[in-house]
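Close look at the chain arrangement
Residues per chain are reported as follows:
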Amino acid sequence: MEYFLLFIAAVFVNNVVLSQFLGICPFMGVSKRLDTAFGMTAAVAFVITIATIVTFLVQTYLLVPFHLEFLQTISFILIIAALVQMVEIILKKVSPPLYQALGVFLPLITTNCAILGVAILVIQKEFNLLQSVVYAFSIALGFGLALIIFAAIREQLALTKIPEGMKGAPIALITAGILAMAFMGFAGMV
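Here is a short report on the structure shown in this document. None of the values given here were measured: they were computed from a predicted structure. (Residues numbered from 1 in each chain as written. Predicted model: local features only at pLDDT ≥ 70, side-chain atom pairs only at ≥ 80, totals over all residues. Heavy atoms only, no water.)

1. Section: the overall build of the chain
The secondary structure content of the chain amounts to nine helices and zero strands. Order of helices (α) and strands (β) in the chain, N terminus to C terminus: α-α-α-α-α-α-α-α-α. Taking 2.2 N^0.38 as the reference for a compact globule, 190 residues should give roughly 16 Å; the C-alpha atoms of the chain span a radius of gyration of 17 Å, in line with that estimate. Each principal axis of the C-alpha atoms in the chain carries an extent, and together these give about 60 × 45 × 25 Å. Put simply, the chain has 190 residues, and 43% of those count as buried. At a minimum sequence separation of 6, the contacts of the chain that also span at least 24 residues come to 76%. With an accessible surface of roughly 9,800 Å², the chain has 74% of that area assigned to carbon and sulfur atoms. The distance from the centre of the 8 positive side-chain charges to the centre of the 7 negative ones in the chain is 14 Å. (Helix = DSSP H or I, 4+ residues; strand = E, 2+ residues; numbered from the N terminus. Rg over C-alpha atoms; globule rule 2.2 N^0.38 Å. Buried < 20%, exposed > 50% of the residue type's maximum accessible area, 1.4 Å probe, protein only. Contact = heavy atoms within 4.5 Å. Areas by Shrake-Rupley, 256 points an atom, 1.4 Å probe, with all protein chains shown as cover. Lys, Arg positive; Asp, Glu negative; His and termini not counted. Charge placed at Lys NZ, Arg CZ, Asp CG, Glu CD.)

2. What to know about the packing of aromatic side chains
Overall, the coordinates contain four aromatic pairs when judged by the stated rule. Measuring from ring centre to ring centre gives 4.9 Å for Phe 12 and Phe 186, while their planes differ by 45°; the resulting arrangement is tilted. Pair noted here: Phe 12 is in helix α1 (residues 2-13) and Phe 186 is in the segment after α9 (169-184), with a separation of 174 residues, a long-range link. Residues Phe 183 and Phe 186 carry aromatic rings whose centres are separated by 5.7 Å and whose planes lie at 70° to one another, so their mutual orientation is edge-to-face. Members of the aromatic cluster, connected to one another through ring pairs, are Phe 12, Phe 183 and Phe 186. (Phe/Tyr/Trp six-rings, centres within 6.5 Å; stacked < 30°, edge-to-face > 60°.)

3. Here's the deal with the packing of helix α3 (residues 34-63) against helix α8 (residues 129-158)
It is at 9 Å that the axes of α3 and α8 come closest, and there the two elements cross at 165°. In terms of orientation, α3 and α8 fall into the roughly antiparallel class. The way α3 lies across α8 gives a crossing that is right-handed. Residues of the contact of α3 with α8, tallied by class, amount to 21 nonpolar, five polar and one charged. (Axes fitted to C-alpha atoms, helices over the stretch in contact; angles between N-to-C directions. Parallel < 35°, antiparallel > 145°, perpendicular 65-115°, else oblique. Left-handed = near helix turned anticlockwise from the far one by under 90°. Nonpolar A, V, L, I, M, F, W, Y, C, P; charged D, E, K, R; others polar.)

4. A few points about the layout of surface pockets
Looking at the largest pocket, its volume works out to about 180 Å³. If you trace the largest pocket, you find it lined by Lys 32, Arg 154, Leu 157, Ala 158, Thr 160, Ile 162, Lys 167, Gly 168, Ile 171 and Ala 172. Contributing elements (two or more residues each) for the lining of the largest pocket: α8 and α9. Tallied by class, residues from the lining of the largest pocket come to five nonpolar, two polar and three charged. (1 Å grid on protein atoms, 1.4 Å probe; cavity = no way out; pocket = protein on both sides within 12 Å on 5 of 7 lines; lining within 4 Å. Points joined across faces, edges and corners; volume = space filled by probe spheres on them.)

5. So, the environment of Ala 182
If you trace the backbone, Ala 182 turns up in helix α9. Its relative accessible area of 49% is what places Ala 182 among the partly exposed residues. With 164 residues separating them in the primary sequence, Ala 182 and Leu 18 have C-alpha atoms 9.4 Å apart.

6. Notes on a nonpolar patch on the surface
Taken together, the side chains of Met 1, Phe 4, Leu 5, Met 189 and Val 190 make up a nonpolar region of the molecular surface, amounting to roughly 550 Å² of accessible area. Of note, Met 189 is situated in the segment after α9. Take Met 189: its relative accessible area is 48%, and that puts it in the partly exposed class. (Patch = residues over 30% accessible without salt bridge, like charges linked within 9 Å, V, L, I, M, F, W, Y side chains within 5 Å. Salt bridge = Lys/Arg side-chain N within 4 Å of Asp/Glu carboxyl O.)

7. Observations regarding the state of the cysteines
Scanning the model with the defined rule gives zero disulfides in all. Left unpaired, Cys 25 is separated from the closest cysteine sulfur, that of Cys 113, by 8.7 Å. (Disulfide = S-S within 2.5 Å.)

8. Let's talk about the nonpolar core
Of all hydrophobic cores here, the largest spans 53 residues; its most connected members are Leu 18, Phe 27, Met 40, Leu 106, Ile 109 and Tyr 135. Looking at this core, the elements that each hand over two or more residues are α1, α2 (24-29), α3, α4 (72-94), α5 (96-102), α7 (113-124), α8 and α9. Examining the composition of this core, we find that 11 residues originate from one element, α3, more than from any other. Apart from the residues within four sequence positions on either side, Leu 106 is in contact with Ala 43, Val 84, Val 87, Glu 88, Leu 91 and Tyr 99. (Core = buried A, V, L, I, M, F, W, Y, C linked by side-chain atoms within 4.5 Å.)

Right, here's the structure in full:
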């Protein structure tokens, strides 16, 4: 039951994008088309889960025993950067169309603060390894859910008549705000 509550809280109540405002760059940048949103969701889910496992192990078995906690941020950033490079190489070989569709946003996963934020939050919340994996994967699903819903809304907005001054970023930001308010409705669940 504990893991189910952790899952629900991470996906809906404490959505990383809509309530914690982490990962806004890919959220706004890759959300114009639904297919790229699905691709970015898969890439972020993979990186965030693997990065959390690796950073947890590095923190637990390397940084803490040798009293090197002050290197946490820089070591986590290096681990995330290496994992993103691995994902980029794999995507280039396995799915060139998805690699092209994600374009510049794939390397931006390296600087996606949601990934670093989750790695640090897992340490701060003192989760064990299984809790960390469940939390990281749930956060990734929450990120993907918000991204996919937002992409679907933006695709529909592209087909509607919008005043000239509201096209592009203004209507996207208003829509993101309304979506964040909708997710606030889950606040009392867990």
